[in-house]
Structures are given as structure tokens and as C-alpha cells.
Amino acid sequence: MDRDQLRLEVEKHEWFHTIDLGQGVTTPGRNDPRNQTLPRLGLPEDLSNKTVLDIGAWDGFFSFEAERRGARRVLATDSHAWWSRKPAFELARRALDSRVEDFDIDVMELSPDKIGTFDVVLFLGVLYHLRHPLLALEKVFSVTADHLILETVTDLTWTSYPAMRFYPGNELAGDESNWFGPNPAAVVGMLKAAGFTRTKIVSSRYRPLLHRIGRAILRRDMYKPFWPAIQNDRIVVHAWR
Ligand SMILES: C[S@@+](CC[C@H](N)C(=O)[O-])C[C@H]1O[C@@H](n2cnc3c(N)ncnc32)[C@H](O)[C@@H]1O
């Protein structure tokens, strides 16, 4: 595909990820992981000889990045977003001349029988979309041979008790597909309950100091209207079998 053809093809799709497809063409995604998620992920620079599973891959930015870092095999999986928007992923794969494999499967259906197990598993931006987060993490554990990298929204960050906020409606970002916002202690607790033996929180968007200040402020009733602004965060947790 030459550059003009590629431009025309890119314009035909709605994009979630900003992906550099080469030849000076970049997808106009509303989410640019190059500046947002990737720098705080702790994704190993060298993935050579590793097999990588990207759960909830959508347009595939992280799958292609894992391949770029030398992974010997990458499997991208998704369900909802691919019901109507998989052609964008497929176009990016073609443009990048990528060998990333794909499989349409819901998180709740993941099992070693269906997809095998992978050295590195990416589970990014998916946990809070699930109605049964602990059960989902058990499924994720079952396909992780070694190392899980999980990124998620967190909520109720002002309490150190493991807790999750339930979103029966569209409370989180006006999006009805969001169900639970766990706090960091709940994420770590669920990972352990699912079977992982070691966990490490590698990044949060806000400094812990901000949360300490937030907790102090929250003791005052007059600041209650500001709770939602203080209690959300996004964290990255690594976990090992
Ligand atoms: C916020 S996007 C995250 C995309 C990408 N992982 C990232 O971090 O940029 C959530 C993705 O999870 C997928 N997803 C949500 N629920 C799912 C489920 N039950 N099974 C499989 N994929 C799911 C959506 O289709 C979507 O692609």
C-alpha cells in the first residue's frame, strides 16, 4: 500500500489508539498510549523469546509494541470493540506488516485449552469494564505462564481497606460499560486471591502524597462534593505466578 492509499484507508475507520503506521501516516486515535500509558507501564524493553498475550487489544497498539520489542509470538484478543471495529486493527496490522495473531474471545472465556499460556500477559484498561472482576482475574491467571502487567482505573483510593466502588450506571466517565473501580489494595488482594504469588504496584498517575492530602481533606464534610475528583486514579500493577 502506498502512502496515499494508506491515508485513504485510515480515514475510513474510527480509531481508539494513535498508532504510527510508518510512511508518515499516524492513526487519529483519541487515546495516544505513546504519551499516556506506555511510559508508566514498565513494559520490558526486550521481549525477545517471549510469548505475549494482549487481552482487550482494541486497535492493537500494545500488541504491535510487544512485537516491536522482539516478542517471538503475540496474540491479540478482544470481544466488544471488535464486534464492529476490528477492521481498524486489521488495517494497522497490514500496514505494519505485522505477524500479530488475533482471536475473538471474551475475558470470561479465557482458558489454557482455548488459547494456551503466555510468558507475558497485558491486561490494560479492561478490569473496570468487567461485571465479575475477581472471576476475570482467575481466568487471566489461568493463561499467564509468568508475568502479568495490569493497568486499571482505581477508586476509593482514600481508604487503605481493600474496597471497590460499584458503578450501577454511568458514574465513571459517563460510560455504562464501566462496572467496578477497585482501590489499589483491592487490586493487589484480588491478584493474590486469583493465584499470583508476587505483586508490585509500579506506577500511579497521582503521587501518593496527593492521596494523603486527599484523605485529610475528605475528613471535612464541607469538601464532600469534591470526593469524586480526589478518589480516582489509574495504576499499573505487575504480578507473577
Ligand atoms: C479501554 S479499552 C482498552 C484498550 C487497550 N487495552 C488499551 O489499554 O489501550 C477496553 C478494551 O477491553 C475490551 N473489553 C471489554 N470487556 C471485555 C470482555 N468482557 N472481554 C474481552 N474484551 C473486553 C473492549 O472491547 C476494549 O477493547
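Here the structure is a predicted model, which is why all the values come from computation and not from measurement. (Residues numbered from 1 in each chain as written. Predicted model: local features only at pLDDT ≥ 70, side-chain atom pairs only at ≥ 80, totals over all residues.)

*Asks:* How should I be thinking about the overall build of the protein in this particular structure?
*Replies:* Check the secondary structure of the protein and you find 8 helices and 9 strands. Residue burial in the protein is summarised as follows: out of 241 residues, 38% are buried. Within the protein, counting contacts between residues at least 6 apart in sequence, those at least 24 apart form 68% of the total. (Helix = DSSP H or I, 4+ residues; strand = E, 2+ residues; numbered from the N terminus. Buried ≥ 20, exposed ≤ 12 C-beta atoms within 10 Å, placed from the backbone. Contact = placed C-beta atoms within 7 Å.)

*Asks:* Sorry if this is basic, but what is going on with helix H5 (residues 133-142) here?
*Replies:* Along an α-helix, residues three or four positions apart point the same way, because every turn accommodates 3.6 residues. Pro133, Ala136, Leu137 and Val140 are the residues of H5 that are buried. Looking down the long axis of H5, one finds its buried residues gathered within 100 degrees of arc, a one-sided arrangement. (Arc of directions from axis to C-beta.)

*Asks:* In this structure, what is going on with unusual backbone geometry? I would like to understand it.
*Replies:* Residues other than glycine predominantly adopt negative phi, and peptide bonds predominantly adopt the trans conformation. Residues other than glycine seldom take positive phi values, yet glutamine 23 does so here, at roughly 55 degrees. Inspection of the secondary structure assignment puts glutamine 23 in the loop between helix H1 (3-11) and strand S1 (51-55). A tally of 14 C-beta atoms within 10 Å means that glutamine 23 is categorised as partly exposed. Within the chain, alanine 173 stands out as a residue other than glycine whose phi angle is a positive 60 degrees. Looking at the element boundaries, alanine 173 is found in the loop between strand S6 (164-166) and strand S7 (180-182).

*Asks:* Please explain the site of the ligand as it appears in this structure.
*Replies:* Taken together, 17 residues lie around the ligand, and Gly56, Trp58, Ala81, Leu124 and Gly125 are the ones closest in. Its residues assigned to classes, the shell around the ligand shows 8 nonpolar, 7 polar and 2 charged. (Near = placed C-beta within 6 Å. Nonpolar A, V, L, I, M, F, W, Y, C, P; charged D, E, K, R; others polar.)

*Asks:* Quick question: what am I supposed to make of the nonpolar core here?
*Replies:* Across soluble globular proteins, nonpolar side chains have a tendency to be buried as a group. With 59 residues, the main nonpolar core has Val52, Val121, Leu122, Phe123 and Val140 as its most contacted residues. Here this core takes 6 residues from strand S4 (residues 118-124), the largest share from any one element. Aside from chain neighbours lying at most four places away, what touches valine 140 is Ile55, Leu110, Val121, Phe123 and Leu148. (Core = buried A, V, L, I, M, F, W, Y, C linked by C-beta atoms within 7 Å.)

*Asks:* Looking at this structure, how should I read the sheet that holds strand S3 (residues 101-104)?
*Replies:* To summarise the sheet geometry, strands pair through backbone hydrogen bonds and adopt either a parallel or an antiparallel arrangement. Spatially, 7 strands are ordered S3-S2-S1-S4-S5-S9-S8 in an open sheet, and the strand pairing comes out mixed. Only two strands of the sheet have a single neighbouring strand rather than two, namely S3 and strand S8 (198-204). Going across the sheet, the axis of each strand differs from the next one's by a mean of 20 degrees, ignoring polarity. Pairing geometry for strand S2 (residues 73-78) and S3, over 4 bridges, is parallel. By the bridge assignment, leucine 75 is partnered in S3 with glutamate 101. Those strands touched by H5 are S1, S4 and strand S5 (144-154), and its axis lies near 150 degrees from that of S5. The strands that helix H6 (residues 184-194) touches are S5, S8 and strand S9 (233-240); relative to S9, the one it contacts most, it runs at about 25 degrees. (Pairing = 2+ DSSP bridges. Axes fitted to C-alpha atoms, helices over the stretch in contact; angles between N-to-C directions.)

*Asks:* Please explain the environment of aspartate 119 as it appears in this structure.
*Replies:* Here aspartate 119 is to be found in strand S4. As for aspartate 119 and threonine 144, which are separated by 25 residues in sequence, their C-alpha atoms are 6.4 Å apart.

*Asks:* I would appreciate a short explanation of helix H2 (residues 61-68) in the present structure.
*Replies:* Within H2, 7 of the 8 residues are buried, leaving the element largely enclosed by the surrounding structure. Along H2, the residues that are buried comprise Phe61, Phe62, Ser63, Phe64, Glu65, Ala66 and Glu67. Buried-residue contacts for H2 involve S1, S2, helix H3 (80-95) and S4. Glycine 70 lies just past H2 and shows a positive phi near 100 degrees.

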